[in-house]
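Tertiary structure, described
Single-letter residue listing:
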Amino acid sequence: DQGTPLKGKKVLVTAGPTREPLDPFRFITNYSSGKMGYAIAQEAKKMGADVILISGPTNISPPKGVKVIYIETANEMFEEVLKYYGDIDIVIKAAAVSDYRPKTYSDKKLKKQQEVNIELVKNPDILLELGKLKKHQVLVGFAAETNNLEEYAIEKLKSKNLDMIVVNEIGQKDSGFANDTNIIQIITNKGEKISYPKLEKRECAINILKKTIEFLETSS
Ligand code: C5P
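It should be emphasised that the depicted structure is a prediction, and the values quoted were computed from it without experimental measurement. (Residues numbered from 1 in each chain as written. Predicted model: local features only at pLDDT ≥ 70, side-chain atom pairs only at ≥ 80, totals over all residues.)

1. Notes on the overall build of the protein chain
Let me state the cut-off plainly: Helical segments are the DSSP runs of H or I of at least four residues, strand segments are the runs of E of at least two, and each set is numbered from the N terminus. Residues are called buried when their C-beta atom has 20 or more other C-beta atoms within 10 Å, exposed when it has 12 or fewer, and partly exposed otherwise; all C-beta atoms are positioned from the backbone. Contact definition: two residues whose C-beta atoms, as placed from backbone geometry, lie within 7 Å.
Counting its secondary structure elements, the protein chain contains 5 helices and 14 strands. Judged by the C-alpha coordinates and their principal axes, the protein chain covers about 60 × 35 × 30 Å. Looking at the protein chain as a whole, 39% of its 220 residues are labelled buried. Considering only contacts in the protein chain between residues 6 or more positions apart, those separated by 24 or more positions represent 62%.

See below:
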């Protein structure tokens, strides 16, 4: 039991993949299960926070007492996050937002052809925009990388104006997408680097929140 160190605090978590539709039947997405984000939302609630979870499509039932808003596309996620951002104390962006979406959407099912070229355009980088708008909020991002983890993570932490970044290696057994366990590292804008052993996602969530709470304490 962690007590209720987040009592009176508003926490916004994003989780899961986004879906970027091509036509009424087809979309582009990724392997994100939503497990990490849902675990964070659940543990934040247990620690006493008011929690809003903005979620892409997952198979997980919503954590008790958490306000869940379901979205599909990155643009929908962006819109929902912006509605709440001004009033939030902690934002944890665990969602695997699709970096691209099909340039055009066909409201009729696309016909079978010999060869198809799908043109993609960039989605908004939600976290980057939140970093620009940041006032009192503690902003936590994720970096899922297959190589050069630390270097990319530090670059993201700086370029997106984050307080903290959680690094997890994907494509490794017991870590990353769809697993129940994760191997994470936390890097802060104060230059701290903490490596954790393989842990249940629930335990990872608790560690992430504990570290985030230190930012609330030092900034107030
Ligand atoms: O730069 P990269 O996409 O790898 O950064 C990952 C972090 O940025 C994650 O926290 C993810 O939720 C967030 N992100 C976002 N909007 C995007 C892409 C990523 O908020 N379009």
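There is more to say after this.
2. With respect to the confidence of the model for the protein chain
The condition is simple: Values of pLDDT, which run from 0 to 100, indicate the predictor's confidence residue by residue.
Residues with a pLDDT of 70 or more make up 95% of the protein chain, whose mean pLDDT is 93. The ipTM value of the predicted complex is 0.92, and its pTM value is 0.94.

3. Some points on the site of the ligand
Note the cut-off: The criterion for a residue being near a molecule or strand is simple: its C-beta atom, placed using the backbone, must lie within 6 Å of it. Three classes are used: nonpolar for Ala, Val, Leu, Ile, Met, Phe, Trp, Tyr, Cys and Pro, charged for Asp, Glu, Lys and Arg, and polar for all others, with Gly counted as polar.
Around the ligand lies a shell of 13 residues, among which Lys93, Val97, Ile126, Leu127 and Gly141 are the nearest. Going through the elements one at a time, helix H3 (126-133) and strand E9 (138-145) are the ones with two or more residues in the shell around the ligand. The biggest single contributor to the shell around the ligand is E9, with 3 residues. Here the shell around the ligand is composed, by residue class, of 7 nonpolar, 2 polar and 4 charged.

4. A short note on the packing of helix H2 (residues 74-85) against H3
Using the following cut-off: Only the stretch in contact is used when fitting a helix axis, every axis being a line fitted to C-alpha atoms; angles between N-to-C directions are given from 0 to 180 degrees. Working rule for angles: under 35 degrees goes down as roughly parallel, over 145 as roughly antiparallel, 65 to 115 as roughly perpendicular, anything else as oblique. Here is the rule for handedness: rotate from the far helix to the near one, and if that takes an anticlockwise turn smaller than a right angle the crossing is left-handed, while a clockwise turn gives right-handed.
Two elements in contact, H2 and H3, have axes separated by 11 Å at closest approach and are oriented at 20°. What the angle tells us is that H2 and H3 run roughly parallel. Between H2 and H3 the crossing geometry is right-handed. For the pair H2 and H3, contact is made by Met77, Phe78, Val81 and Tyr85 and by Ile126, Leu130 and Leu133, respectively. Tallied by class, the residues present in the contact of H2 with H3 amount to 7 nonpolar, no polar and no charged.

5. Concerning H2
Defined as follows: The span you would expect from a helix comes to 1.5 Å times its residue count less one. By construction, the arc corresponds to the directions joining the helix axis to the C-beta atoms.
Here H2 contains 12 residues, and its C-alpha end-to-end distance of 16 Å stays within 8% of the 16 Å for a straight helix at 1.5 Å per residue. Taken together, the buried positions of H2 are Ala74, Met77, Phe78 and Val81. Projection of H2 onto a plane perpendicular to its axis shows the buried side chains occupying an angular sector of 100°, all on one side. Taken together, the buried residues of H2 touch strand E1 (10-15), strand E2 (20-23), strand E4 (50-55), strand E7 (100-102) and H3.

6. Some remarks on the UniProt feature "binding site: CTP" (unreviewed entry) in the protein chain
As a reminder, the rule being used: UniProt positions are given in the numbering used here, feature names are shortened, and annotations may be inferred rather than shown by experiment.
The feature "binding site: CTP" (unreviewed entry), as given by UniProt, occupies Asp99, Lys109, Pro124, Asp125, Ile126, Leu127, Phe142, Lys156 and Lys160 in the numbering adopted here. With the annotated positions falling across 62 residues, the maximum pairwise C-alpha distance of 38.0 Å shows that they are not confined to a single cluster. One can find Asp125 in the loop between strand E8 (120-122) and H3. Judged by local crowding, Asp125 falls into the partly exposed class, with 15 C-beta atoms found within 10 Å.

7. Brief notes about the pairing of strand E10 (residues 164-169)
This is how it is decided: Here is how to tell: hold the view so the strands point away, follow the path from the first strand over the helix to the second, and if it runs clockwise the crossover is right-handed.
Most of E10 sits out of view: 5 of its 6 residues are buried. On the question of chirality, the crossover connecting E9 to the parallel E10 by way of helix H4 (residues 149-159) is right-handed.

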